[in-house]
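Structure assessment
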Amino acid sequence: MKIGIIGAGAMGSGIAEVAATAGNEVVLYDSYVAAEDKFKKGLAKNLSKLVEKGKIDDVKAKSIQSNIHFVSKLDQFKGCELVIEAIIENLETKQEIFSHLESIVDENCILASNTSSLSITAIAASCNKPERFIGIHFFNPATIMPLVEVIPGVMSDPKILSRGREIINSWKKTTVVAKDTPGFIVNRIARPFYGESIRVYEEGFADFATIDWALKTYGGFKMGPFELMDFIGNDINYTVTETVYKEFWNDPKYKPSFTQKRMVEAKRLGRKSGKGYYDYSEGAIMPEPNKDEELGKNIFWRVLVMLINEAAEALYLNIASREDIDEAMTKGVNYPKGLLKWADEMGIQHTLDTMDRLFNEYHEERYKASVLLRKMARDGKTFY
Ligand SMILES: NC(=O)c1ccc[n+]([C@@H]2O[C@H](COP(=O)([O-])OP(=O)(O)OC[C@H]3O[C@@H](n4cnc5c(N)ncnc54)[C@H](O)[C@@H]3O)[C@@H](O)[C@H]2O)c1
């Protein structure tokens, strides 16, 4: 199958490698002249690491390389069955590229965007055939993260959605279907992991190390929120938060924090800049957490109920199915358990009571319990 990828940056390169590994012929295009050289060097490095680890042999590595053709013109996208766009996050630029592309590809070619925050429907609206347009959202790094969110726009043909999903599944990825709303599943539901943890810090209850320790120890999260923000990059994480907040018409529960904004302004971006919430320079000493059991459990429980509340609200608003919500959080951000499953284990009534207690204490919108939790507690129901 011939697959087209537009944009050879962090995401496009990874998606091209995934598609080529699955045996497809890939055409890759980028408007930046130096992109080809950067891509080829990056791919060679990735593949030699895989060979070293014994995950693939030399023959496979060569076949992956020869499956990818870096092209200088979109004209060479003729004959593609699917084109995934992964260029800069700008609506007009994306719309322009798709109107041009539509004049090149065949009528039945599926068009998709890897956008994290733009509306799929808005990008599709620039096409003559918006019914063949869907969102196909990979996670970074695309070669490693198993999850892909597939998003129909308002005008998407359900047959195109199923076909698109089938193709991505054949690349050994796990697909979930999300409604075309800001943050789709993962980037929406994960907001409190960062936001509530920062809030706990801002209120002076605990420092970064203690909050990270609490979520890892009592929640089983592989990384604490501050370690994870440093890993993702505070600039990237802040932009996602800011975009989700704006796109939800300034819904206060998604409000970004000054703590993170100042980190970005100070260029404390995390691991990539050598300093973020933690210092990564050589010889730097990691701060010790305050391992107080009661404090740790309180922090963990506060963040977890906020996450569960967000997951419940997403289910209530039909953003995705119960199974897809749980799968998205375990495969997209490595949560130790699906949040809805976790809610059942913790008890729906207990989760609701904790939300209500927070709301009574703060009188802030962010602590408003999802109506779904309230109905379920009243009717004695569980998610599973
Ligand atoms: N980085 C992430 O964590 C992540 C995760 C999921 C989705 N996304 C989304 O994927 C897309 C790409 O993100 P990225 O992180 O790979 O960005 P990036 O900056 O690493 O790469 C973008 C590439 O697109 C090229 N480009 C820009 N305009 C172009 C045009 N008009 N035609 C052809 N090429 C063009 C650039 O030269 C660059 O190589 C964005 O829509 C982003 O929202 C990013």
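Quick caveat, the model's predicted, so the values are computed rather than measured. (Residues numbered from 1 in each chain as written. Predicted model: local features only at pLDDT ≥ 70, side-chain atom pairs only at ≥ 80, totals over all residues.)

Here we look at the pairing of strand 1 (residues 2-6)
Burial analysis of strand 1 places four of its five residues in the buried class, which makes it a mostly covered element. As defined by bridge partners, strand 1 adjoins strand 2 (residues 25-29) across five bridges and the pair is classed as parallel. What sits directly across from Ile5, in strand 2, is Leu28. Handedness of the crossover joining strand 1 and strand 2 through helix 1 (residues 10-21) is recorded here as right-handed. Pairing analysis gives four bridges linking strand 1 to strand 4 (residues 82-85), with the strands arranged parallel. The residue bridging Ile6 from the neighbouring strand is Glu85, located in strand 4. (Buried ≥ 20, exposed ≤ 12 C-beta atoms within 10 Å, placed from the backbone. Helix = DSSP H or I, 4+ residues; strand = E, 2+ residues; numbered from the N terminus. Pairing = 2+ DSSP bridges. Right-handed = clockwise from strand over helix to strand, strands pointing away.)

Looking at the domain arrangement of the protein
By the assigned domains, the protein splits into domain 1 (2-177) and domain 2 (185-384). The centre of domain 1, based on its C-alpha atoms, is set 30 Å off from the matching centre of domain 2. Counting residues at the interface gives 10 residues for domain 1 and 12 residues for domain 2. Those elements giving two or more residues to the side of domain 1 that touches domain 2 turn out to be strand 7 (147-152) and strand 8 (174-177). In the side of domain 1 that touches domain 2, the residues fall into six nonpolar, three polar and one charged. (Domains from an automatic or database assignment. Contact = placed C-beta atoms within 7 Å. Nonpolar A, V, L, I, M, F, W, Y, C, P; charged D, E, K, R; others polar.)

Here's the deal with helix 17 (residues 371-379)
Since there are 3.6 residues in each turn of an α-helix, residues three or four apart along the chain are aligned in direction. Residues of helix 17 that are buried include every one of Leu372, Leu373 and Met376, and no others. Angularly, the buried residues of helix 17 cover 95 degrees about the axis, an arc narrow enough to put them on a single face. Opposite its buried face, helix 17 presents the exposed residues Val371 and Arg378, each directed more than 90 degrees away. Next to the buried residues of helix 17 lie helix 13 (293-316) and helix 16 (348-362). (Arc of directions from axis to C-beta.)

Some details on the packing of helix 8 (residues 191-202) against helix 13
Helix 13 packs onto helix 8 with a crossing angle of 145 degrees between their chain directions and a minimal axis gap of 9 Å. In the packing of helix 8 onto helix 13, the handedness of the crossing is right-handed. On the side of helix 8, the interface is formed by Arg191, Pro192, Phe193, Glu196, Ser197 and Val200, while helix 13 contributes Ile299, Arg302, Val303, Met306, Leu307 and Glu310. Looking at the contact of helix 8 with helix 13 residue by residue, the class counts come to seven nonpolar, one polar and four charged. (Axes fitted to C-alpha atoms, helices over the stretch in contact; angles between N-to-C directions. Left-handed = near helix turned anticlockwise from the far one by under 90°.)

Looking at the site of the ligand
Looking at the ligand, there are 23 residues lining it, with Gly7, Gly9, Met11, Tyr32 and Asn140 nearest. Counting residues per element, the ones that place at least two in the shell around the ligand are helix 1, helix 4 (91-102) and strand 6 (133-138). When residues of the shell around the ligand are assigned to their parent elements, the largest contribution, three residues, is made by helix 1. Classifying every residue of the shell around the ligand gives 11 nonpolar, 10 polar and two charged. (Near = placed C-beta within 6 Å.)

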